[in-house]
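Okay, here's what each chain looks like letter by letter:
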Amino acid sequence: MNRRRFLQTTGLASTAALAGCAGLFETKSIPREPPMVEDRPDAVYYPTHTEGMAMAGMAKQGRWRLGLMYSFPHRFWLMGGGTSKQQEKVTVQEGDDVHLMATVWDAETMTVLPAGDVRIELSKGDWSETRPMWPMLSQNMGFHFGDNMGLDGDGKYKAEVQVGGVNIRRTGALSGQFDSAETLTTEFEFSQQKLEELPFERLDKKKGSQGSVPPMEMEMMPMSHVPPKSDLPGQFLGEQMSGDAEFLVTSGEDTDFAKDTYLLVSPRTPYDNRYPIPMMSLSATLNRGGETVFDGALTPTVDPDIGYHYGANVKSVESGDELTVSVDSVPQVSRHEGYETAFLKMSNMQFSV
């Protein structure tokens, strides 16, 4: 598929270094991406390399907050829709100068928001460029929006980021917030020299093996982590893997989410990253004594205490019940290297209460 055709059909203040990157690297020249590992597992794996990034700028509007960053341009994968393994690999093109990244969050709860459409317009004098930014998962940064972009050389840029209203259910302190779109504006000074000074490390000994690089440590903005198992509300019903994603399931009564019992499914990336896996379709069937007491979709939801998850109101969950969680559509979120072969072949999961 032609990338431009795909784009058409799919509906940074002073510069400061991003603080405390986990695993510091060393180089002083623009590196080339190492060749892909040929025999990659159908799972999360160590990429060929890791990159540092620089904070370009931050912006605010009401409770909206925006962090804009850049790194070296690099390959990533778009999802084509449906339940099958439909992907488009985006490679670095001539004219790509940076990989630009945006994170959007709530100032009150510091919750990273899975906002709707995000578009960016960069301008510098008479030059300007506008394009959508893809929702993405990366091992060191988690959920964000990004794309490779060309610039107009060194100098001062204005960035106007249009953020669509959050298009999934919000609960807790997020309820009733972020319905409408906003434009967040910042300025940043770019130099090729600063880009070349960003850290870069090849992972020649680990690349292609199952595992994950650790998350970056960012003092200036939140990360999209979901809570560990011990912090999830309600009764813990079980944990299973599907497509190398971890699925944790709980049920709780008298919650803010449901009048009866809230059935909660929290998919997350494996290892220590604990990033939520958004943009998938899940459903559940609850059987009791040979009868079906619930059969329906699980609603994507973002909550300041639970993060991005999927849930449904059920009448009750009782001992002896049998629960099936089905992946009706695999995650449509774009992936950086190391995630592109995972979360694709996702089988149903059975839980006994």
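As the structure is a prediction and not an experimental result, all values here were calculated from the model.

(A) Looking closely at the overall build of the protein chain. Secondary structure assignment for the protein chain yields 2 helices and 24 strands. Taking all 353 residues of the protein chain together, the buried fraction comes to 56%. Accessible surface for the protein chain amounts to roughly 15,300 Å². Of this, 43% is attributable to carbon and sulfur atoms.

(B) Quick peek at the sheet that holds strand β9 (residues 127-132). If you walk across this open sheet you meet the 4 strands as β9-β8-β12-β14, and the pairing is antiparallel. The open sheet terminates on both sides in strands that have one partner only, identified here as β9 and β14 (182-190). Taken pair by pair, the neighbouring strands of this sheet meet at an average axis angle of 15°, ignoring direction. Judged from the 6 bridges that link them, strand β8 (residues 118-124) and β9 form a sheet pairing that is antiparallel. Along β9, the bridge assignment pairs Leu122 with Glu129.

(C) Up close: the pairing of strand β4 (residues 64-71). With respect to burial, β4 is a largely interior element, 8 of its 8 residues being buried. Residue alternation in β4 divides its side chains into two sets, Trp64, Leu66, Leu68 and Tyr70 and Arg65, Gly67, Met69 and Ser71, and both sets are buried. Relative to β4, strand β3 (residues 54-61) is paired through 7 bridges, and the arrangement is antiparallel. Its bridge partner being in β4, Gln61 is matched across the sheet by Trp64. Count of turn residues in the β3/β4 antiparallel hairpin: 2 residues, of which Gly62 carries a positive phi of about 60°. In the sheet, β4 pairs with strand β7 (residues 98-106) via 8 bridges, with the strands oriented antiparallel. Opposite Tyr70, over in β7, you have Leu100 as the bridge partner.

(D) Representation of the nonpolar core in the model. Counting 83 residues, the largest nonpolar core has Trp64, Tyr70, Ile120, Leu122 and Phe247 as the members making the most contacts within it. Listed in part, the 6 residues of the second largest apolar core include Leu232, Leu248, Tyr262 and Leu264.

(E) Representation of the environment of Leu237 within the structure. Mapped onto the elements of the fold, Leu237 is located in strand β16 (residues 235-242). Measuring from C-alpha to C-alpha, the distance between Leu237 and Leu263 comes to 9.6 Å, with 26 residues separating the pair along the chain. Other than its neighbours up to four places away in sequence, Leu237 contacts Val249, Thr250, Ser251, Leu263, Val317, Phe351, Ser352 and Val353.

(F) Examining the side chain of Glu51 more closely. Relative to the assigned elements, Glu51 resides in strand β2 (residues 49-51). Arg75 provides the closest opposite charge to the buried, unpaired Glu51, separated from it by 8.1 Å. Here His49 takes part through its side chain, which lies 3.1 Å from a polar atom of the side chain of Glu51. A distance of 3.2 Å separates polar atoms of two side chains, one belonging to Glu51 and the other to Ser71.

(G) Structural context of the pairing of strand β22 (residues 322-329). With respect to burial, β22 is a largely interior element, 6 of its 8 residues being buried. With 7 bridges joining them, strand β19 (residues 281-288) and β22 adopt antiparallel strand pairing. Each residue of the ladder has a partner; that of Ser281, found in β22, is Ser329. Across 4 bridges, β22 lies against strand β24 (residues 349-352) in antiparallel orientation. Bridge pairing in β24 links Thr324 to Gln350.

Criteria and cut-off values
- Residues numbered from 1 in each chain as written.
- Predicted model: local features only at pLDDT ≥ 70, side-chain atom pairs only at ≥ 80, totals over all residues.
- Heavy atoms only, no water.
- Helix = DSSP H or I, 4+ residues; strand = E, 2+ residues; numbered from the N terminus.
- Buried < 20%, exposed > 50% of the residue type's maximum accessible area, 1.4 Å probe, protein only.
- Areas by Shrake-Rupley, 256 points an atom, 1.4 Å probe, with all protein chains shown as cover.
- Pairing = 2+ DSSP bridges.
- Axes fitted to C-alpha atoms, helices over the stretch in contact; angles between N-to-C directions.
- Core = buried A, V, L, I, M, F, W, Y, C linked by side-chain atoms within 4.5 Å.
- Contact = heavy atoms within 4.5 Å.
- Lys, Arg positive; Asp, Glu negative; His and termini not counted.
- Salt bridge = Lys/Arg side-chain N within 4 Å of Asp/Glu carboxyl O.
- Polar contact = N/O pair within 3.5 Å; in protein donor to acceptor, adjacent residues only side chain to side chain.

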